[in-house]
Every structure is written in C-alpha cells, then in structure tokens.
Amino acid sequence: MTQITTEKLAELVNGRVAGDGATVIERIADLEHAGESEIAYVENERFLDVASASKAACLIVSERLSEKLPDRTLIEVVNPKLAFSVIGAALHPPIQREPSIHATAVVAETADIALTAYVGPNVWVGEYAHVGAYTRLEAGVVLGANVTVGDDCVLHPNVVLYDGVSIGSRVILHAAVCIGADGFGYVRHDLGYQKFPQVGTVIIEDDVEIGAHTCVDRAALGRTRIGRGTKLDNMVHVGHNCDIGERVVIAAQTGISGSVVIEDDAVIGGQVGFGDHTRVQKGAIIGSKAGILPGKIVRPGVWWGIPVQPLDQYKRMNAHMNRLPQMREDIKHLQEQIEELRKQLDRIT
Amino acid sequence: MTQITTEKLAELVNGRVAGDGATVIERIADLEHAGESEIAYVENERFLDVASASKAACLIVSERLSEKLPDRTLIEVVNPKLAFSVIGAALHPPIQREPSIHATAVVAETADIALTAYVGPNVWVGEYAHVGAYTRLEAGVVLGANVTVGDDCVLHPNVVLYDGVSIGSRVILHAAVCIGADGFGYVRHDLGYQKFPQVGTVIIEDDVEIGAHTCVDRAALGRTRIGRGTKLDNMVHVGHNCDIGERVVIAAQTGISGSVVIEDDAVIGGQVGFGDHTRVQKGAIIGSKAGILPGKIVRPGVWWGIPVQPLDQYKRMNAHMNRLPQMREDIKHLQEQIEELRKQLDRIT
Amino acid sequence: MTQITTEKLAELVNGRVAGDGATVIERIADLEHAGESEIAYVENERFLDVASASKAACLIVSERLSEKLPDRTLIEVVNPKLAFSVIGAALHPPIQREPSIHATAVVAETADIALTAYVGPNVWVGEYAHVGAYTRLEAGVVLGANVTVGDDCVLHPNVVLYDGVSIGSRVILHAAVCIGADGFGYVRHDLGYQKFPQVGTVIIEDDVEIGAHTCVDRAALGRTRIGRGTKLDNMVHVGHNCDIGERVVIAAQTGISGSVVIEDDAVIGGQVGFGDHTRVQKGAIIGSKAGILPGKIVRPGVWWGIPVQPLDQYKRMNAHMNRLPQMREDIKHLQEQIEELRKQLDRIT
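Residues numbered from 1 in each chain as written. Chains lettered and ligands numbered in written order. Predicted model: local features only at pLDDT ≥ 70, side-chain atom pairs only at ≥ 80, totals over all residues.

## Regarding the overall build of chain A
Part 1 of the argument: The number of helices and strands found in chain A is six helices and 41 strands.
Part 2 of the argument: In terms of overall dimensions, chain A is more spread out than a globule: its C-alpha atoms have a radius of gyration of 28 Å, far above the 20 Å expected for 349 residues.
Part 3 of the argument: Summarising its shape, the C-alpha atoms of chain A cover approximately 105 × 75 × 30 Å along the three principal directions.
Part 4 of the argument: Here chain A, with 349 residues, has 54% of them falling under the buried criterion. (Helix = DSSP H or I, 4+ residues; strand = E, 2+ residues; numbered from the N terminus. Rg over C-alpha atoms; globule rule 2.2 N^0.38 Å. Buried ≥ 20, exposed ≤ 12 C-beta atoms within 10 Å, placed from the backbone.)

## Considerations on the sheet that holds strand β21 (residues 178-179) of chain C
All names here are of chain C.
Part 1 of the argument: Across the sheet, ten strands lie side by side as β9-β12-β15-β18-β21-β26-β29-β32-β35-β38; this open sheet has parallel pairing. The two strands at the open ends of the sheet, each matched to only one other strand, are β9 (106-107) and β38 (291-292).
Part 2 of the argument: Direction of pairing for β9 relative to strand β12 (residues 124-125): parallel, over a ladder of two bridges. Pairing of V106 across the sheet is with W124, part of β12. (Pairing = 2+ DSSP bridges.)

## Comments concerning the relation of the copies chain B and chain A
Part 1 of the argument: Turning chain B through 120° and shifting it by 0.1 Å along the axis lays it on chain A, with an RMSD of 0.1 Å. Interpreted geometrically, this transformation is the action of a three-fold axis. (Least-squares fit on C-alpha atoms with pLDDT ≥ 70 in both.)

## Here we look at the domain arrangement of chain A
Part 1 of the argument: Segmentation of chain A into domains returns domain 1 (4-91), domain 2 (100-311) and domain 3 (312-349).
Part 2 of the argument: Just the C-alpha atoms count here: the centres of domain 1 of chain A and domain 3 of chain A sit 61 Å apart. (Domains from an automatic or database assignment.)

## So, the nonpolar core
One broad trend across soluble globular proteins is that nonpolar side chains are buried collectively.
Part 1 of the argument: In terms of nonpolar packing, the biggest core is built from 221 residues, with A:A176, A:C178, B:A176, B:C178, C:V125, C:A176 and C:C178 touching the most fellow members.
Part 2 of the argument: Leave out the neighbours within four places in its chain, and B:C178 touches A:A175, A:A176, A:A212, A:H213, B:V160 and B:C215. (Core = buried A, V, L, I, M, F, W, Y, C linked by C-beta atoms within 7 Å. Contact = placed C-beta atoms within 7 Å.)

## Things to note about helix α4 (residues 80-91) of chain C
Part 1 of the argument: Given a rise of 1.5 Å per residue, twelve residues ought to cover 16 Å, and the 16 Å separating the end C-alpha atoms of α4(C) matches this to within 8%.
Part 2 of the argument: Every buried residue of α4(C) is accounted for by C:P80, C:A83, C:F84, C:S85, C:V86, C:I87, C:G88 and C:L91. (Expected span 1.5 Å × (residues − 1).)

## Quick notes on the interface of chain B and chain A
Part 1 of the argument: Taken together, the contact between chain B and chain A spans 49 residues of the former and 54 residues of the latter.
Part 2 of the argument: Broken down by secondary-structure element, the contributors of at least two residues to the side of chain B that touches chain A are β22 (186-189), β23 (192-195), α5 (311-322) and α6 (324-348) of chain B.
Part 3 of the argument: Broken down by element, the side of chain B that touches chain A gets its largest block of residues, ten residues, from α6(B).
Part 4 of the argument: Looking at the side of chain B that touches chain A, its residues break down into 26 nonpolar, 19 polar and four charged. (Nonpolar A, V, L, I, M, F, W, Y, C, P; charged D, E, K, R; others polar.)

## Some details on the confidence of the model for chain A
Part 1 of the argument: The pLDDT averaged across chain A works out to 96; a share of 100% of its residues lies at or above 70.
Part 2 of the argument: The complex model carries a pTM of 0.96, and its ipTM stands at 0.95. (pLDDT = per-residue confidence, 0-100.)

## Topic: the packing of α6(B) against helix α6 (residues 324-348) of chain C
Part 1 of the argument: Where α6(B) contacts α6(C), the two axes come as close as 10 Å, and the packing angle between them is 25°. In this view, α6(B) runs roughly parallel relative to α6(C), as classed from their interaxial angle. As α6(B) packs across α6(C), the resulting crossing turns out to be left-handed. Taking contact as the criterion, the partners of B:M327, B:R328, B:I331, B:L334, B:Q335, B:I338, B:L341, B:R342, B:L345 and B:I348 in α6(B) are, on α6(C), C:M327, C:D330, C:I331, C:L334, C:Q337, C:I338, C:L341, C:Q344 and C:I348.
Part 2 of the argument: Its residues assigned to classes, the contact of α6(B) with α6(C) shows 13 nonpolar, three polar and three charged. (Axes fitted to C-alpha atoms, helices over the stretch in contact; angles between N-to-C directions. Parallel < 35°, antiparallel > 145°, perpendicular 65-115°, else oblique. Left-handed = near helix turned anticlockwise from the far one by under 90°.)

## Some points on unusual backbone geometry
In terms of backbone geometry, most residues other than glycine have negative phi values and most peptide bonds are trans.
Part 1 of the argument: Following A:I306, the chain continues into A:P307 via a peptide bond in cis, with omega recorded as -10°.
Part 2 of the argument: Of note, the phi angle at A:H213 is positive, near 70°, even though the residue is not glycine.
Part 3 of the argument: The backbone of B:Q253 shows a phi angle near 65°, a positive value even though the residue is not glycine.
Part 4 of the argument: Inspection of the secondary structure puts B:Q253 in the loop between β31 (249-250) and β32 (255-256).

## A closer look at the interface of chain C and chain A
Part 1 of the argument: Contacts between the two partners involve 53 residues from chain C and, on the opposite side, 47 residues from chain A.
Part 2 of the argument: Every element with two or more residues in the side of chain C that touches chain A is listed here: α4 and α6 of chain C.
Part 3 of the argument: Considering only residue class, the side of chain C that touches chain A consists of 25 nonpolar, 20 polar and eight charged.

## Comments concerning α6(C)
Part 1 of the argument: End to end, α6(C) covers 36 Å across 25 residues, agreeing with the expected 36 Å (1.5 Å per residue, within 8%).
Part 2 of the argument: Of the residues making up α6(C), those classed as buried are C:L324, C:M327, C:I331, C:L334, C:I338 and C:L341.
Part 3 of the argument: Tucked into the core, α6(C) has its buried residues touching α5 (311-322) and α6 (324-348) of chain A, α6 of chain B together with α5 (311-322) of chain C.

## Brief notes about the sheet that holds strand β30 (residues 243-244) of chain A
Note on sheets: strands pair through backbone hydrogen bonds, and any given pair is parallel or antiparallel.
Residue and element names in this part refer to chain A.
Part 1 of the argument: Read across the sheet, ten strands follow the order β10-β13-β16-β19-β24-β27-β30-β33-β36-β39 without closing on themselves; strand pairing throughout is parallel. Looking at which strands have only one partner, the edges of the open sheet turn out to be β10 (112-113) and β39 (297-298).
Part 2 of the argument: Direction of pairing for strand β24 (residues 201-204) relative to strand β27 (residues 223-226): parallel, over a ladder of four bridges. The partner of I203 across the bridge, within β27, is R225.

## Digging into the environment of A:I262
Residues and elements named next belong to chain A.
Part 1 of the argument: Mapped onto the secondary structure, I262 falls in strand β33 (residues 261-262).
Part 2 of the argument: Each C-alpha atom of the pair I262 and G283 lies 9.4 Å from the other, and the pair is 21 residues apart in sequence.
Part 3 of the argument: Once residues lying within four places of it in the same chain are set aside, the contact partners of I262 are I244, G245, V248 and V280.

## Observations regarding the environment of C:D152
Residue and element names in this part refer to chain C.
Part 1 of the argument: By secondary structure assignment, the location of D152 is in the loop between β16 (148-149) and β17 (154-155).
Part 2 of the argument: Separated by 20 residues in sequence, D152 and G132 have C-alpha atoms that sit 7.1 Å apart.
Part 3 of the argument: Residues in contact with D152, not counting those within four places in the same chain, are Y134, T135, S169 and R170.

## With respect to the environment of B:A89
Part 1 of the argument: Its location among the elements puts B:A89 in helix α4 (residues 80-91).
Part 2 of the argument: For the pair B:A89 and B:I28, spaced 61 residues apart in sequence, the C-alpha to C-alpha distance is 9.5 Å.
Part 3 of the argument: Beyond its immediate sequence surroundings of up to four residues, B:A89 is in contact with C:K195 and C:P197.

## Notes on the pairing of strand β7 (residues 74-77) of chain A
Residues and elements named next belong to chain A.
Part 1 of the argument: The alternating pattern of β7 places L74 and E76 on one face and I75 and V77 on the opposite face, and all of these are buried.
Part 2 of the argument: Here strand β2 (residues 16-18) runs beside β7; their pairing, made up of three bridges, is antiparallel. Bridge pairing links R16 to E76 in β7.
Part 3 of the argument: Note that strand β6 (residues 58-62) and β7 share four bridges and pair parallel. Paired with S62 across the strands is V77, a residue of β7.

## Section: the pairing of strand β22 (residues 186-189) of chain A
The side chains of a regular strand alternate between the sheet's two faces.
Part 1 of the argument: Pairing analysis gives four bridges linking β22(A) to strand β23 (residues 192-195) of chain A, with the strands arranged antiparallel. Following the sheet pairing, A:R188 is matched in β23(A) by A:Y193.

Here it is, written out as structure tokens:
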C-alpha cells in the first residue's frame with residue numbers, strides 16, 4: 001500500500017494544503033464513501049453539501065470553494081478532477097511485475113526482449129519482435145513476427161498483434177485487443193469474391209490507450225495509424241487505412257470504415273458509424289449513434305443524427321417534426337374555414 | 001448418452017403422461033426433425049398440423065391441446081416451452097470434466113482451487129484467486145489476482161477476469177468475455193488527456209449468463225454490478241459503475257455508458273445505446289436500436305426509437321410522417337381553392 | 001521475397017504485356033508510393049494523371065487506357081483491380097509454417113491432425129477433432145471436441161471453436177473469432193429465466209473469411225450456417241439458427257438475431273440490425289445502420305433506414321422532411337390569406 005502525506009500530494013499537483021499537511025493518505029474514494037486515510041474531490045459547488053458531510057481525510061477543491069469548507073484538510077487546486085486523477089495515479093500505481101520471461105512463454109530466438117520487460121505465462125513472441133523497457137505482456141498475449149512494442153507499455157491478457165505491427169511507448173492495450181488483422185476488401189468476379197491484398201501495416205503512437213476487444217485493421221497498402229495520446233473505448237472497429245489523429249477520443253462500439261481520416265482533438269460518441277473515405281476535421285464533436293455517409297467532410301462543431309447534421313439543425317428538424325400533429329390540425333381547420341367562406345360566397349352570388 | 005423415460009421426464013416438469021410412460025427418450029429436437037427416441041414440444045395451436053405429422057417419440061403439449069393429438073405419447077404441462085427447456089437440460093447436461101488441474105495450467109501458489117474444480121490447458125490463475133466447487137475453467141482462461149469465482153460456474157475458453165473481480169455461483173461466461181477492464185474516463189488538460197483512476201471492481205451475482213465477447217468494465221470507484229439471474233447476449237458493452245439489476249435481459253451489441261442503472265426485470269433489445277447516468281425503471285422494455293440520452297429516466301412500458309420514446313408515441317409520429325406527402329397535397333389544394341375564392345370575390349367587388 | 005516477371009504476372013491474369021515483359025516485380029503498391037520493382041493498378045480514367053506521374057515499374061490498366069500511358073511497362077486486362085488482387089496474392093503469399101505440432105500445444109490423443117498441418121504454441125485441440133491438410137492453427141487457438149476443420153485453413157490467434165462445430169476448406173478465421181457459443185434463448189418463469197437448450201451446431205462452408213472478433217452462435221436445435229464464399233467483417237454477431245447463403249458480404253458490427261435467412265449474393269452494410277426470423281432475398285443490398293423489424297422480408301433492391309425501406313422511398317421521405325419548414329410557412333401564409341378573404345367578405349355583407 002502506498003502512503004503519501006497531503007503535503008506531498010499537494011506538491012504533485014501544484015496545489016496548496018489548507019489544514020494538516022501531515023495527514024497520511026492511502027487511497028482515493030468518492031465523497032460519499034471516503035473515510036479515514038482517503039482523499040476525495042469536489043467537482044463543483046453542487047457537491048458542497050455532500051462534501052461537508054463527507055468523512056474523507058482530505059478534500060481536493062478549487063480555491064473558490066475552499067472557504068466554504070472550514071475546519072477541513074483541503075488541497076486547493078485549479079482543476080480538482082484533474083488533480084484527483086493525478087493523485088489517484090500516484091496512490092494506485094499500476095502493478096509492477098519483476099522483469100522475467102515466464103517458463104510457459106514461447107519467445108522466438110530472434111526476438112529482442114528488454115531486460116526490464118515482463119513476459120507472462122503462455123505468451124507467444126514471434127521472430128524478430130521487439131519488446132521495450134519495462135513493458136508488460138500479460139498472460140496469453142500473442143506478438144507476431146517483426147512486431148515492435150515500445151517502452152512502458154501494458155498489453156493485457158490475450159491481446160493479439162499481427163505480424164509487422166508497431167506500437168509506441170506508454171501504450172495500454174486492454175484484454176483481447178486485436179491490431180493488424182486483414183482489412184475487409186474484396187473484388188467481385190463471376191464466381192464470387194477475390195480478396196484484395198491486405199499487405200500494409202498499423203502504427204499505434206505513444207500514449208494511446210485502447211479498450212478491451214477493439215480491433216484496428218492493417219492497411220491494404222501503406223498503414224493504418226492511431227495518433228499520439230488518442231483514447232479508444234471497448235469494441236471500436238477501425239478499418240484499413242484509417243488515419244486517426246492525436247488526442248482523439250472515441251467511445252465504445254463505434255465503427256470506422258476504410259480510409260477514414262479523423263483529425264486531431266476530435267471527440268466521437270459511442271455506436272457512431274463512419275462510411276469510407278469520410279474526414280472529420282480538427283476538433284469536431286460527433287454525438288453517439290450518428291451515421292456519416294461515405295466521403296462526407298465533418299467540419300468543426302457539434303454533429304448529430306443519421307445522416308449526421310449540425311446539432312442545431314437536427315434540433316430544429318426535431319422541433320418541426322414534433323409540430324406535425326399541430327400542422328395537420330391547422331390544415332384541417334383551414335379546409336373548414338375555406339368551406340365556410342365558399343358557402344358565404346355562394347349565398348352572396 | 002442420457003436415456004430417460006417419458007414418465008420420469010413428466011415428473012421432472014410436474015406433467016402428466018398420456019400414452020406410453022415407458023418410452024425411452026434420448027434427445028430433444030424440433031417437431032419437423034424429431035424421430036425415434038426424441039422429444040419435441042408444441043408451442044401453441046398454430047403448430048398442431050406440424051405436430052400431427054411429427055415423428056417424435058413424445059410431444060410436450062398444453063392440456064388444452066392434448067385431446068387434439070390422439071394416439072400419441074404426450075407429456076401434458078402448463079407451459080410446454082418451459083418444460084421442453086427443463087427436459088432439454090436433463091437430456092443434454094453440460095460436459096463434465098474430471099476434477100483436475102491441467103499440466104499446462106499455471107496456478108499461483110496462493111490461489112485456492114476447490115478439489116472438485118477443473119482447470120484446463122493454458123489457464124492462468126493469479127495470486128490469491130479463489131475457484132469454487134465444480135467450477136470449470138476452460139482452455140486459455142485468465143484469472144487475475146484476488147479474483148473470486150463461485151461454485152458450478154463455467155468459464156469458456158479465453159475468458160479474462162481482471163484483478164479483484166468477483167463472480168457468483170452457477171455463472172456461465174462464454175468465450176473471450178472480459179470482466180473488469182478499465183472504464184473509459186479521462187480528464188482533458190492542456191497537453192491531452194489524463195486517465196481518471198479506474199480502481200473499483202465488478203461484481204457478477206449468481207445465475208448470470210454472459211454471451212461471447214461481452215465486456216463489463218470495472219468501476220472508477222466503487223463497483224459495477226450485474227444482478228442475479230441477468231442474461232447478457234454477445235458483444236454487449238457495460239461501462240464503469242453501471243448497476244444492472246436482477247433478471248434483466250440484454251440482447252447483442254447493446255452499449256451501456258458509465259453509471260447507468262437498469263432496474264430488475266427490464267428487457268433491452270440489441271444495438272441499443274445508453275447515455276451515461278440514465279435509469280431504466282423496473283420492467284421497462286426497450287426496443288432494438290433505441291438510443292437513450294444521458295440522464296434520461298425510462299419509465300415502465302415499451303420504448304422505441306432515437307431518442308427513445310413510448311412506442312405508441314413513436315407509432316403516431318411515424319404515421320404522421322407517412323402522411324407528409326398527403327399533407328403537402330392538401331396544402332397545394334388549399335392554395336388553389338383560396339386563389340379561386342379570391343377571383344370570385346374580385347368579380348363581385 | 002517473391003520475384004516474378006511482368007510476363008509471368010500477365011499470364012496469371014490473362015493479360016497482355018505492353019513494354020518490357022522481363023521486368024522483375026517484387027511487391028504491389030499504390031500509384032503514389034510505388035517505385036522500383038513494384039506494380040500498381042489504374043482503376044479508371046480519373047487516376048490517369050497520378051498514373052502518369054507514378055514511378056511504378058509496371059502498371060495494370062484496362063485496354064482502353066493503355067494508349068494513354070505510352071512508354072510505360074503495362075499489363076492490359078479487363079478488370080485492373082481484380083488483376084491487381086490476383087497478382088498481389090501471388091507476390092505476397094500467406095506465411096508458410098513447417099508442418100509441426102508445437103511443444104506447448106495440447107492435442108487430445110483421439111484428435112486427427114493432418115501430417116501437413118501446423119499446430120502453434122499454446123493451442124488446444126479437443127477429443128476427436130479433425131484438422132485438415134496444410135491448415136494452420138496459430139497461437140492460442142482452441143478447438144473443442146468433435147470439431148472438424150478442412151484443408152488449407154488459417155485460424156489466427158485465439159480463435160475459439162466450441163464442441164462439434166464444422167469448418168470447410170480454405171476458410172480464414174481472424175483473431176479471436178468465436179464459433180458455436182450458445183445462442184441467446186430463455187423462457188421466463190415465476191422466478192426468472194430458464195435457459196432454452198442450445199444443442200445444435202454451426203457449419204461454415206468452404207472459402208469463407210470471417211473478421212476478427214466475429215461471433216457465430218450454435219443453433220438451439222439444428223444448425224447455423226455460413227454459406228460458401230461468404231465474407232464477414234469484424235465484430236459481426238450471427239445468432240442461433242441463422243442461414244447465411246453463398247457469396248454474402250456483411251460489414252463490421254452488424255447484428256443478426258436468431259433464425260434470420262440471408263440468401264445468396266446479398267450485400268449488407270455495417271452496424272445493420274436484423275430482428276429475428278427476417279429473410280433477405282437473393283441479391284438485396286442493405287445500407288449501413290439499417291434496422292429490419294422481426295419477420296420482415298427484404299426483397300431484391302437497395303434498402304435503407306430504420307425501419308428499413310427502399311432507398312428511393314427513404315430519399316423521398318427525407319425530401320419531404322426537409323420541406324417541413326417551408327410547409328409551415330405555407331400554412332401560416334394560408335391562414336393570413338383566409339383572414340384577408342374573410343375581412344373582404346365581411347365588408348361586402
């Protein structure tokens with residue numbers, strides 16, 4: 001168990017202790033459940049009451065809220081949620097494994113494993129593969145031939161990297177992630193389908209985290225890329241030749257067809273579907289379940305719906321649709337009024 | 001092969017044999033394909049003709065239909081489909097494995113494996129893990145440290161349980177199910193994303209069955225829960241801190257964001273998407289492909305569409321939309337009539 | 001590295017060399033990146049400029065375009081993309097493994113492994129399983145009891161075949177594909193759910209390719225079938241008792257409920273959802289994200305939307321919806337006109 005004083009934790013996040021800097025903290029917790037030796041955070045004013053009642057040994061707060069929590073041990077920071085995350089990482093560091101190659105692991109003679117790496121039980125490392133310093137390959141991981149994995153990576157159980165795939169440093173791949181399977185391409189002929197060659201590769205850059213069971217296909221020709229600092233949730237599908245930029249966030253079960261470009265800092269919801277050759281521009285935000293037609297360019301802004309449209313436009317369209325019953329009433333009423341007018345006219349003439 | 005007489009099978013389901021109670025049954029089958037030594041069921045009247053023509057050695061029927069199938073060996077019950085399921089389980093019991101730890105399995109010294117358990121080839125069991133009586137861990141299963149698995153469970157090949165996860169008794173996890181991977185949470189800062197801590201756990205209660213490749217993420221803080229008797233289909237995504245109640249049914253490829261609550265006895269279709277912090281109340285039914293906006297409360301009843309709405313309302317809205325072409329015609333017609341009235345008025349004045 | 005002259009490559013695809021038939025080709029590439037010893041293809045006229053600028057040692061072109069690329073070494077064919085695919089397969093043959101059973105593989109004594117097969121590390125082959133000639137089982141593959149795998153198959157790492165499943169010849173199963181898990185069927189009773197028996201099997205016919213993480217469930221009774229030459233993308237879900245025909249193409253993350261029939265030569269987009277007991281007729285095309293209600297028959301033609309409708313109809317409906325704001329304006333205008341007419345009438349009477 002890690003034990004750190006509030007003073008040391010405050011230093012870690014450029015914060016200031018109010019109260020007892022010598023309080024020893026062992027764990028993070030939420031406001032409601034936190035108790036002795038635990039630290040929690042107050043996201044904003046709405047949580048002030050819960051915070052007052054909290055039994056946490058220390059609270060992380062914004063300076064503005066600090067005075068509203070007197071007689072408490074606090075760490076004042078600019079962004080409490082961010083500080084809590086950094087402190088959480090310090091208090092709950094990832095498991096350390098002793099550098100070793102498990103007796104049941106099978107490592108090709110030509111593979112190059114860093115002396116500080118961990119290769120777990122039943123792992124298979126192929127010819128000429130490279131595993132970087134302090135990288136952990138958990139049970140059942142499979143690295144194909146000529147795979148490169150950088151330093152400080154964690155590959156959770158049963159991750160599969162096909163031949164030739166390249167992974168940066170500080171990358172986390174959750175259980176059963178599959179990188180580099182063949183893309184989905186065929187050419188129709190008289191008797192059926194001929195497989196289009198899938199002989200490219202995949203490059204995953206530094207600081208990427210990929211959720212369980214996500215699949216990133218290799219390029220037909222060239223490469224599929226996941227840019228630095230990008231985060232993919234569980235069961236995302238990334239097709240061949242996609243180029244996903246840096247610091248992109250993609251929620252669970254989103255499917256990305258071939259040759260899609262997603263530029264830096266885009267945010268994509270869950271269960272979104274991208275037609276092939278679409279381009280999402282820098283900073284665009286796409287709501288969950290949206291559908292993007294092939295070849296579409298999604299400009300910066302917030303997008304929604306199937307097919308995708310600017311959120312404002314979508315809302316206006318929805319409002320129009322909700323007025324449909326009223327419109328029908330209006331039309332009926334107009335018909336009656338006209339009938340009435342006609343009768344009046346008839347009487348006159 | 002299991003052999004049971006119709007009399008014994010009838011006892012099993014509180015039924016009554018009409019005809020030969022000594023007929024030996026070996027297998028279940030459907031009405032069309034059933035033959036010698038096989039038993040089938042008649043779901044309702046619509047299947048009477050097929051039932052009459054069936055060559056099944058015995059038919060399971062409701063009492064009401066019994067007299068319409070004279071000269072047959074029948075088992076009369078209240079619910080034929082339910083009785084067929086129970087009889088099927090008796091005739092086709094799950095494979096039994098001799099209690100053993102396969103030579104290629106790797107079990108931590110501190111792990112506690114019941115004497116009646118089966119630990120298959122290439123399984124990895126971590127430190128302080130507990131495996132209950134008669135539980136089967138099939139090939140390639142990975143149990144992290146401090147994992148608890150109850151009695152009479154079946155973990156199919158390549159299931160991965162992350163550290164600290166807890167599984168009840170009589171739980172079935174199909175191939176490659178992943179329980180306890182990190183939830184998807186990050187805090188944005190100037191340079192990119194800081195991972196929000198994911199240090200909670202997952203609790204799977206008794207009698208749960210989870211389909212192949214489904215992922216249930218661990219809580220950020222606290223726990224993610226799947227309640228007793230709940231059934232998840234293939235490739236369902238359950239985000240961090242979700243609380244899924246008892247006897248809930250969720251079809252394939254549905255995605256559930258973080259902190260969603262689904263109360264007991266809800267029924268959820270396939271490819272449904274839940275925004276975070278939504279709550280589904282007891283007994284609500286949600287149709288396939290529905291989308292639920294974050295924070296929404298779904299009350300009892302049948303729900304449909306994106307965003308989700310009561311089915312009646314959805315149908316009315318669809319009916320309105322189908323009348324759009326007619327509405328446009330109506331408007332044109334009104335315009336003509338008004339033009340005509342105006343002309344008449346002009347002639348008068 | 002494979003080296004083949006342009007003359008030999010032309011023979012392979014029934015093409016004709018224009019230029020130097022002795023040029024040695026080693027790799028395929030795209031027009032932009034191709035260089036020495038590389039061959040690319042010109043899909044149609046739109047690529048003529050890129051083709052002219054290409055540094056590829058040889059270009060595959062249609063006869064019609066041949067004269068527009070003078071002074072180049074060309075292979076003239078009817079279908080350049082198809083020829084490129086065939087040539088790609090010749091230049092980049094799949095990895096060959098020496099026939100062997102890895103020391104860490106566990107093979108049941110009663111299993112029947114062809115002498116030319118490859119059984120990789122940590123593979124598990126169950127009782128009475130059959131593995132055909134030249135078939136490769138990569139690391140971590142699990143074959144249950146009584147499984148049959150034909151000749152020339154590739155099962156990528158961590159594929160799981162449940163007991164009794166049957167796979168044809170020349171089948172490719174990508175990483176973590178799961179064939180034969182229990183279908184999703186339960187019968188509700190007073191206390192919860194009774195599992196409906198799932199005792200059928202799965203048959204995968206010849207020349208099928210299945211993408212990473214796709215799951216095909218076993219039949220409740222009878223069999224689930226994937227027909228000859230059919231191609232499934234990643235993370236497709238195929239429910240129990242489905243019958244998928246020959247040369248069907250299904251894109252990623254599509255979900256198919258139980259007892260769905262998809263006839264030959266259908267083309268299905270990604271993230272499509274099928275209700276149970278639907279039937280897709282021969283040659284129908286269904287757009288991505290479509291939703292098909294249970295029991296629906298989808299006739300030949302192009303289909304779109306939720307619920308699915310003919311594409312033309314969908315487009316008309318969309319056009320109507322886009323006219324909603326105008327319709328509302330029209331109605332307002334009519335109301336004003338009628339008010340005006342009424343006033344005129346009042347003045348007269």
